[in-house]
Amino acid sequence: METDPPDVLTSTGSGGLFSTGYLRDEPALAAVDDDETPQFALTSRKHGIEIGTSESGKTVRPGSNYRMIGIVTDKRFLLLVGDDDGDTRFAIPHVDIDQISGDHSLGHGQITFRRCGGTEWQVHCGKQGIVDLTAYLSHASQAWIRVENILDEVKRMLVTATEQHDREDHEQALETVLEAGDRLDAAGGTATEFGSPGDVNALAGRVTTVRERYIATLTEVRRSRARRAVDTGEQHWRSNDFEMAYDAYEAARAEYDEIFSLPTADIPELADIRTERDRLDTVIEDLKQSPLRTAVAADNEAVAAEDPAVAADHWAKALEAYRDVLELDWGADERRFAGDPEKVRDRLGTVAENLVAARRTVATDAMEAGDWYADASQPDAALEKYETAQTAFEAALADARDCYPDATDHLETELDAVEQRLSRTKARLNGDPVDVDDRFDETGITPDLDITTADERSPSPTDTTDLSDIETGIDGTDPKIDPTGHGGS
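Residues numbered from 1 in each chain as written. Predicted model: local features only at pLDDT ≥ 70, side-chain atom pairs only at ≥ 80, totals over all residues. Heavy atoms only, no water.

## A short note on the overall build of the protein chain
Within the protein chain one finds 11 helices and 9 strands. Buried positions account for 44% of the 489 residues belonging to the protein chain. Long-range contacts, defined here as pairs at least 24 residues apart, represent 64% of the contacts in the protein chain between residues at least 6 apart. About 25200 Å² of surface is accessible on the protein chain, with carbon and sulfur atoms providing 45% of the total. (Helix = DSSP H or I, 4+ residues; strand = E, 2+ residues; numbered from the N terminus. Buried < 20%, exposed > 50% of the residue type's maximum accessible area, 1.4 Å probe, protein only. Contact = heavy atoms within 4.5 Å. Areas by Shrake-Rupley, 256 points an atom, 1.4 Å probe, with all protein chains shown as cover.)

What follows is the structure, given as structure tokens:
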């Protein structure tokens, strides 16, 4: 087609004595939609169009002083026949055209094609350009048929993917929709080759329409997968499975990244999805801080506790939490979680000493109370306190063997002492002979270990260790608050 359309496409009205007219109702170009581009124009003054066989078909000829005007666009074959009673219009999509041939051996040209369903059409026209016209129609027909077949397949696959998504079969839904995308790319390649380089053509527009549906379906599937991964991350976080939580959140972030790699203009609910992704980024940052926050919170609570038993519980929690911090990303090139390993390891040693000291304080307090009741001739009360002391010394010894071996010898000596007291007290209650009470034997040697004595009560109030070095690894001012509600202290 020329840059400026010819008069045959833009004019109306009947001809006169020395001219043949055009169409009656409106210019031929008015029949062309905005999403298609004219490629060829052809006319016939007398013969017009023959549809079907000579026995069962019909012929549509232009009226006196009018024409048959054909327009081949990149979408269809338009045939317009002018007449005083009104114009006749036919529109044959390229996808319906098959078996195309051209003939210019007659006094005029003729295009013959068969529509899907078997009806034969003969369109009479001039000879000029008929070879190029026939070639274009053949190429257009093949391209449109191939693309439409692929698009029908893609649409069926998208329906299947949606059904799989609704059944929460997210893995299969993603596989199906991605396969549909591969088929859609094949259709897009054919559509691009059909048009002129750099130009938009109707066939490419047809692919674009289906691609919008594909992007919407893919977005829905990936968004559901992201949300599912976030839920999994939350479950792991609540179980203190921090690394698994991080991996799940990273999987969710990857799904959102895949969504944002799509043409943003075609992504439905884009703003809401961005909000979800931003929230996820915040959650991941909170998760990175959470293990250290948990440890520091327990540490602070232990230091603040006045009751040695309460302090011991907090020291135990802090010990395990600091160990968790050290074990996270073990052997990895880069740490994902907050906490300087060297500083955490140093604090871990102090916490271990404080834990053993607090448990020993509980034990020695109970043992001294038992001694008081024994001296007051209250063996039943003394027995209860000695049993409490025995349990506490056993717990302290277990912790010492686990994390503070320097204290084990001392604690074993003290445990043996309280067990002797138990034995003597039970003997008194049973009326059995009692061994000599050597509690006040000044010849006994007490090991000189760096461990808090019973007279010092709980070590918690006196532990003034500055935790600022460790807490500097935590963003924010409140280590006890986890904005997601997952864990923390």
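## Thoughts on the environment of Asp406
Mapped onto the fold, Asp406 is located in the loop between helix 9 (379-403) and helix 10 (408-430). With 53 residues separating them in the primary sequence, Asp406 and Glu353 have C-alpha atoms 9.4 Å apart.

## Focus: the pairing of strand 4 (residues 68-73)
Burial within strand 4 is extensive, with 6 of its 6 residues counted as buried. Neither face of strand 4 is exposed, since Met68, Gly70 and Val72 on one face and Ile69, Ile71 and Thr73 on the opposite face are all buried. Bridging between strand 1 (residues 38-44) and strand 4 involves 6 bridges; their strand directions are antiparallel. By the bridge assignment, Leu42 is partnered in strand 4 with Gly70. Counting the residues between successive antiparallel strands, the hairpin from strand 4 to strand 5 (residues 76-81) contains 2 residues. (Pairing = 2+ DSSP bridges.)

## Details of the layout of surface pockets
Size it by volume and the second largest pocket reaches roughly 420 Å³. Where the lining of the second largest pocket is concerned, the elements lending two or more residues are strand 1, strand 9 (120-125) and helix 2 (130-166). Ranked by residues supplied to the lining of the second largest pocket, first place goes to strand 1 with 5 residues. (1 Å grid on protein atoms, 1.4 Å probe; cavity = no way out; pocket = protein on both sides within 12 Å on 5 of 7 lines; lining within 4 Å. Points joined across faces, edges and corners; volume = space filled by probe spheres on them.)

## Notes on the pattern of salt bridges
One pass over the full model with this rule turns up 32 salt bridges. A salt bridge links Glu255 to Arg225; the shortest N-O distance between them is 2.9 Å. In this pair, Glu255 is assigned in helix 5 (residues 242-260) and Arg225 in helix 4 (residues 202-238), connecting sequence segments 30 residues apart. For Glu255, a relative accessible area of 9% gives the class buried. Of the residues examined, Arg225 reaches a relative accessible area of 15% and is grouped as buried. With its nearest N and O atoms 2.9 Å apart, the salt bridge here joins Asp371 to Arg421. (Salt bridge = Lys/Arg side-chain N within 4 Å of Asp/Glu carboxyl O.)

## Points about the packing of aromatic side chains
Evaluation of the coordinates by the stated rule reveals 8 aromatic pairs. Ring centres of Phe90 and Trp121 lie 5.3 Å apart, and the angle between their planes is 85°; on these two criteria the pair is classed as edge-to-face. On the criterion of sequence distance, the pair formed by Phe90 in strand 6 (residues 88-93) and Trp121 in strand 9 is long-range, its members being 31 residues apart. By relative accessible area, Trp121 is classed as buried at 5%. (Phe/Tyr/Trp six-rings, centres within 6.5 Å; stacked < 30°, edge-to-face > 60°.)

## Section: the sheet that holds strand 8 (residues 109-115)
Pairing is antiparallel in the open sheet, where 5 strands are placed in the order 3-2-9-8-7. Of all strands in the sheet, those bounded by a partner on one side alone are strand 3 (58-60) and strand 7 (97-103). When the angles between neighbouring strand axes are averaged without regard to direction, this sheet yields 15°. The strands touched by helix 2 are strand 7, strand 8 and strand 9; relative to strand 7, the strand with the most contacts, the crossing angle is about 170°. (Axes fitted to C-alpha atoms, helices over the stretch in contact; angles between N-to-C directions.)

## Some details on the environment of Glu301
Mapped onto the elements, Glu301 comes out in helix 6 (residues 270-304). A residue is classified by how much of its surface remains accessible, and Glu301, at 27% relative accessible area, is partly exposed. Along the chain, Glu301 and Ala311 lie 10 residues apart, while their C-alpha atoms are 7.4 Å from each other.

## Some thoughts on unusual backbone geometry
With phi around 70°, Asn65 is a residue other than glycine that occupies positive phi space. The topology assignment puts Asn65 in the loop between strand 3 and strand 4. Assessed through its relative accessible area of 34%, Asn65 is described here as partly exposed. One non-glycine residue, Ser377, lies in the positive phi region at around 60°.

## Let's talk about the packing of helix 2 against helix 4
At a minimum axis distance of 10 Å, the contact between helix 2 and helix 4 shows a crossing angle of 15°. Judged on the interaxial angle alone, helix 4 and helix 2 are roughly parallel. The way helix 2 lies across helix 4 gives a crossing that is left-handed. Side by side, helix 2 and helix 4 meet where Ala143, Trp144, Val147, Glu148, Leu151, Val154, Lys155, Leu158, Val159, Ala161, Thr162 and His165 of the first sit next to Ala202, Leu203, Arg206, Val207, Val210, Arg213, Tyr214, Thr217, Glu220, Val221 and Ser224 of the second. (Parallel < 35°, antiparallel > 145°, perpendicular 65-115°, else oblique. Left-handed = near helix turned anticlockwise from the far one by under 90°.)

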